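Structural description and commentary
The lines below spell out each chain.
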Amino acid sequence: MVSRKILKSHPVSVLKKEISKTNIKGYSKMKKPELIDLMMKPEHADRFAHIEIAPSRAEKKAQKEKNAKSQKEGDDFLKREEARMQKEEAAKKKEMQSLLAKPPPKKKGKKKPPLTSLTVTKADGSKKEVKTGRVKRRAEEKKAKKSSAEDDSKNMLKMMLKEQQAELAKLKKSKASKDVIKQKTELIGTIKLGIKSGFID
């Protein structure tokens, strides 16, 4: 229920604005006490039952300080997140550069026909044929280990590229700072440079 105390807490402009929403006429030149009397008339009071008491200056000041504090906390959080993301980007870039520092695998030429045996000349001049199965097996084991290590590096770089591209899209969508987006773009560019140089397919 509206009361004089509630109406007195509001400036004249607010009271006139509320009256203008009704079909009441002849209030434009009235002063505040007259406006309150008009609004408190039994036939009009129900129309202004929704009006609540306005906050005091102390309450407004407290609310303003609270809003400023919330804004500061939000800004501090964004700064911490940006610093954390930059730190992570630097670590990922360093890891990626370490992987790219390894030379790309050399292109293989035409394969020579495999040797199945070797002829060894002994000290007495006699010759002996030696099977190369063990030598071949050791060479294949060594090749398999090397190929496995290269595959691990390839897979890691492919995953990093996809992750960085996805993160860049999220940053652009969330309107992150230009520095963060620039750093992310440079990282992706370095990975793509490794792809172009033939390190990964």
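Our subject is the structure listed above.
Here the structure is a predicted model, which is why all the values come from computation and not from measurement.

When you go through the protein residue by residue, the secondary structure sums to seven helices and two strands. Counting from the amino terminus, the protein carries its helices and strands in the arrangement α-α-α-α-α-β-β-α-α. Every one of the 201 residues in the protein was classed for burial, and the buried ones make up 19%. Accessible surface, the protein as shown: approximately 16200 Å² in total, 56% of it carbon and sulfur.

Side chains that carry opposite charge are capable of pairing whenever their charged atoms lie near each other. Summed over the entire model, instances satisfying the criterion amount to eight salt bridges. For Glu18, the salt bridge is made with Lys21, and the minimal N-O distance between the two is 3.5 Å. It is possible to trace a salt-bridge network through shared partners that takes in Glu89, Lys92, Glu167 and Lys184.

Mapped onto the fold, Lys184 is located in helix H7 (residues 178-196). Setting aside residues no more than four positions away along its own chain, Lys184 makes contact with Glu89, Gln164, Glu167, Leu168 and Leu171.

With that settled, consider the packing of helix H2 (residues 12-20) against helix H3 (residues 32-40). Where H2 contacts H3, the axes come no closer than 10 Å and their chain directions differ by 35°. Taken as a pair, H2 and H3 cross one another with a handedness that is left-handed. Facing Val12, Leu15, Lys16, Glu18 and Ile19 of H2, the residues of H3 in contact are Lys32, Leu35, Ile36, Leu38 and Met39.

Time to look at the nonpolar core. Membership of the largest hydrophobic core comes to 14 residues, with the highest contact counts inside it found for Leu7, Leu15, Ile19, Met39, Phe48 and Ile51. Among the elements of the structure, helix H1 (4-8), H2 and H3 are those that each provide at least two residues to this core. In contact with Ile19, other than residues within four places in its own chain, are Ile24, Tyr27, Leu35, Leu38, Met39 and Phe48. Counting twelve residues, the second-largest nonpolar core is a separate cluster that includes Leu161, Leu171, Leu187 and Ile188.

Criteria and cut-off values
Residues numbered from 1 in each chain as written. Predicted model: local features only at pLDDT ≥ 70, side-chain atom pairs only at ≥ 80, totals over all residues. Heavy atoms only, no water. Helix = DSSP H or I, 4+ residues; strand = E, 2+ residues; numbered from the N terminus. Buried < 20%, exposed > 50% of the residue type's maximum accessible area, 1.4 Å probe, protein only. Areas by Shrake-Rupley, 256 points an atom, 1.4 Å probe, with all protein chains shown as cover. Salt bridge = Lys/Arg side-chain N within 4 Å of Asp/Glu carboxyl O. Contact = heavy atoms within 4.5 Å. Axes fitted to C-alpha atoms, helices over the stretch in contact; angles between N-to-C directions. Left-handed = near helix turned anticlockwise from the far one by under 90°. Core = buried A, V, L, I, M, F, W, Y, C linked by side-chain atoms within 4.5 Å.

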